[in-house]
Amino acid sequence: MRQLPAIETLLESTFLSSAIARYSRPLVTEAARHTLAALRHDIRRNQPIPTLSMDFIAQMIIQHLSEEWAGFAQPVINATGIILHTNLGRAPLSDPALKALNAIGGRYLSLESNLSEGTRGVRTLELRRLLSVACHAEDALAVNNNAAAMLLVLIALAGGKEALISRGELVQIGNGFRIPEILEQSGVILREVGTTNQTSARDYEKCISERTGLIVKVHQSNFVQKGFVSSPSIEELAAIAGKGQLPLVYDMGNGALLDTAHFGLEHEPTVMESLRAGADVVCFSGDKLLGGPQAGIIAGKREFIRLMLNHPLLRVIRLDKLSAIALATTIKSYLDKNAALELPLWQMIRLKKEEIRSRASTIAQQLKTQNIAATIQDGVSLVGGGTLPEQELPTTLICLSPPRAVDKIARRLRLSSPPLVARVEKDAVLIDLRTVFPDQDALLPGIIAAAWAQKD
Ligand SMILES: *Cc1c(COP(=O)(O)O)cnc(C)c1O
């Protein structure tokens, strides 16, 4: 016990100086306390301990820190081939969006000032104009995320009355976002229509009364119903809503502004065609098929958007200034018809399996020089993020058979610097370069070789 160094001595040693620079002194102190306590525990139980050198203990502390803080906001190499990876931040931002953040984020900006009049301006006016033009909508606004958008739409438009929704659309999106629970939180009374697999226009009509506040349609973003399934189109619902003078709200989730069919995927309803088909208000995420920052976008008829702009809840869920800058720049890529070239989402969707194959072969060659056997095989990538659940993009995979348990190796890769997140299938680690930025390719052989060499 007496051989154990004091915490202060450890913290002053050069072994921990870079850890302190990275994690801050209080966090390293906490990790040092934890490690020393664990060592004391082992000593008391006469567990064998290889050495009590400062160097060895510092390595234990650094190991503990890297495990405790592995998840905290560091760039990760996504080799899963899942483009909108929910655990990895969904859509990466475009270069123009990053440039705009760099130019404006650290300075004052004309967020709420009318520069031509020298007065206080409306915070979101320009962004609203950009969104309206891009969506072909009378007006639009952006809030914190699509869940918040849904809440605002329901509270502002249904006003405590009933919302009609098909039983086939009472869905759960990701972890914990359930449409019926959002409806409940909004104070709107849920009125279920039809059945899980069959809901007709007539089913909606039968349920309309003076208590009805609106009709909601929710896109089945993350699952597919097959077989004996039908539900009315937006056009049919718009006709019913029109007759009852009710707003028709469509929670699209994805909010594509480009036609996914042009990229070899199934057609996903676009924002423009949903509005044209008669939805009064649509809402969707900023970081799904739009390929921008986290945001919830609401677009549609001016009279309804105005109700939301005047609602006190808007202040609670408003978009922050950095996301607003990134969203405006992302939308501008669409207006300039550069979205498919500039946004990482569409760049990755557009990648051909042959291009991926040639990059994969280069990496496999480099691995061979380090005596790591890698094979190349066909596979599929996914769009992910709860979008286009059954759509597979043909890709080329690097297939690695690790010397030890595949889970251990996958963990080693995740704890590398930078972390590498790969796919694990049976006894193999699979690397899909579709979601790896080409400038990260050169890092892969080194990270893999280090994980292969590590003994644990
Ligand atoms: C993803 C999704 C949401 C939630 O959007 P967030 O931006 O993650 O809050 C809501 N509705 C549908 C249909 C979705 O697909």
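Residues numbered from 1 in each chain as written. Predicted model: local features only at pLDDT ≥ 70, side-chain atom pairs only at ≥ 80, totals over all residues. Heavy atoms only, no water.

### Things to note about the overall build of the protein
This is how the line gets drawn: What counts as a helix is a DSSP run of H or I of at least four residues, what counts as a strand is a run of E of at least two, and both are numbered from the N terminus. For every residue, the accessible area (1.4 Å probe, protein chains only) is compared with the maximum for its type, and the residue is labelled buried under 20%, exposed over 50%, or partly exposed between those bounds. For the accessible areas, the method is Shrake-Rupley and the probe is 1.4 Å, while residue cover comes only from the protein chains on display. When charges are counted, Lys and Arg contribute as positive and Asp and Glu as negative, whereas His and the chain ends are disregarded. Just so you know, the charge point we use is NZ for Lys, CZ for Arg, CG for Asp and CD for Glu.
When helices and strands are counted, the protein shows 19 helices and 17 strands. The dimensions of the protein, computed from C-alpha atoms along their principal axes, are 80 × 50 × 50 Å. The buried share among the 456 residues of the protein stands at 47%. On the protein, roughly 22,600 Å² of surface is accessible, and the fraction owed to carbon and sulfur atoms is 52%. Both charge centroids of the protein, one from 49 positive and one from 46 negative side chains, sit 4 Å from each other.

### Side note on the site of the ligand
For clarity, the threshold we go by: Any residue with a heavy atom lying within 4 Å of a molecule or strand is counted as near it. What qualifies as a polar contact is a pair of N or O atoms within 3.5 Å, subject to a donor-acceptor requirement within protein and to the restriction that residues adjacent in sequence count only when both atoms come from side chains. Amino acid classes used here: Ala, Val, Leu, Ile, Met, Phe, Trp, Tyr, Cys and Pro are nonpolar; Asp, Glu, Lys and Arg are charged; the rest, including Gly, are polar.
Lining the immediate environment of the ligand, one finds 13 residues, of which Arg90, Ser221, Asp251, Ser285 and Lys288 sit closest. At 2.7 Å from an oxygen atom of the ligand is found a side-chain nitrogen or oxygen belonging to lysine 288. If the ligand stood free it would expose 390 Å²; the protein chains cover 94% of that surface. Looking at the shell around the ligand, the elements with two or more residues in it are α7 (146-158) and β11 (248-253). Grouping the amino acids of the shell around the ligand by side-chain chemistry returns 4 nonpolar, 6 polar and 3 charged.

### Examining the domain arrangement of the protein
How we decide: The domain limits used here are those given by an automatic or database domain assignment. Any two residues having at least one pair of non-hydrogen atoms within 4.5 Å are treated as being in contact. The buried area of a pairing is the accessible area, by a 1.4 Å probe, that goes missing from both parts when the two are put together, added over both.
Along its sequence, the protein is organised into domain 1 (7-68), domain 2 (77-90 + 350-453) and domain 3 (95-342). Using C-alpha coordinates to define each centre, domain 1 is positioned 33 Å away from domain 2. Taken together, the 4 residues of domain 1 in the interface contact 4 residues of domain 2. Each partner contributes to the roughly 230 Å² buried at the junction of domain 1 and domain 2, and carbon and sulfur atoms together form 35% of this total. The largest share of the area that domain 1 buries against domain 2 comes from Gln63, Ser66 and Glu67, three residues that together contribute 87% of it.

### Comments concerning the side chain of threonine 199
Among the secondary structure elements, threonine 199 is positioned in the loop between β9 (189-193) and α9 (201-207). Residue class for threonine 199 comes out buried when judged on its relative accessible area of 4%. Side chain to side chain, threonine 199 and serine 166 meet in a polar contact 2.8 Å long. A polar contact of 3.2 Å, which involves the side chain of threonine 199, links it to the backbone oxygen of threonine 195.

### A short note on helix α12 (residues 302-309)
What counts is decided by this rule: Within this analysis, the arc is defined by the directions that extend from the helix axis to the C-beta atoms.
Restricting attention to buried positions, one finds in α12 the residues Phe304, Ile305 and Met308. Seen from one end, α12 has its buried residues packed into an arc of 100°, which puts them on one side. The inward-facing, buried residues of α12 abut β5 (139-143), α7, β12 (281-285), β13 (296-300) and α13 (313-316).

### Some remarks on the environment of glycine 286
Among the secondary structure elements, glycine 286 is positioned in the loop between β12 and β13. Taking the C-alpha atoms as reference points, glycine 286 and leucine 164, 122 residues apart in sequence, are found 26 Å from one another. Each residue touching glycine 286, except ones within four places of it in the same chain, is listed here: Gly291, Gly292, Pro293, Ala295 and Ile297.

### Remarks on unusual backbone geometry
Residue proline 418 is reached from serine 417 by a cis peptide bond, and omega for that bond is 0°. Inspection of the secondary structure assignment puts proline 418 in the loop between α18 (406-414) and β16 (420-425). The backbone phi angle of arginine 90 is positive, close to 50°, even though this residue is not glycine. Within the secondary structure layout, arginine 90 lies in the loop between β2 (82-84) and α5 (95-105). You can call arginine 90 partly exposed: its relative accessible area is 23%. Phi at histidine 136 is positive, roughly 55°, even though this residue is not glycine. Note on placement: histidine 136 falls in the loop between α6 (125-135) and β5.

### Digging into the sheet that holds β16
Put simply, the rule is: The criterion for strand pairing is that DSSP finds at least two bridges linking the strands in question. Geometry is summarised by axes, namely lines fitted to C-alpha atoms with helices restricted to the contacting stretch, and by angles between N-to-C directions that run from 0 to 180 degrees.
In space, the 6 strands of this open sheet follow the order β1-β16-β17-β15-β14-β2, with mixed pairing throughout. A strand with exactly one partner marks an edge of an open sheet, and here the two such strands are β1 (77-79) and β2. Strand-to-strand twist of the sheet, defined as the mean angle between neighbouring strand axes without regard to direction, takes the value 35°. Both β2 and strand β14 (residues 374-384) contribute to a ladder of 2 bridges, which runs parallel. Among the inter-strand pairings, isoleucine 82 is bridged to a residue of β14, identified as leucine 382.

### Examining the environment of proline 312
Examined against the element boundaries, proline 312 turns out to sit in the loop between α12 and α13. Looking at proline 312, the relative accessible area reads 64%, which means it is exposed. As for proline 312 and alanine 156, which are separated by 156 residues in sequence, their C-alpha atoms are 9.5 Å apart.

### A closer look at the pairing of β12
Applicable threshold: With the strands aimed away from the viewer, a crossover counts as right-handed if its path from the first strand over the helix to the second runs clockwise.
The element β12 is extensively covered by neighbouring structure, given that 5 of its 5 residues are classed as buried. Side chains of β12 alternate between two faces, with Val281, Cys283 and Ser285 and Val282 and Phe284 buried alike. A crossover links β11 with its parallel partner β12, the connecting element being helix α11 (residues 271-276), and its sense is right-handed. The pairing of β12 with β13 spans 5 bridges and is antiparallel. When the sheet's bridge partners are listed, cysteine 283 is paired in β13 with isoleucine 298.

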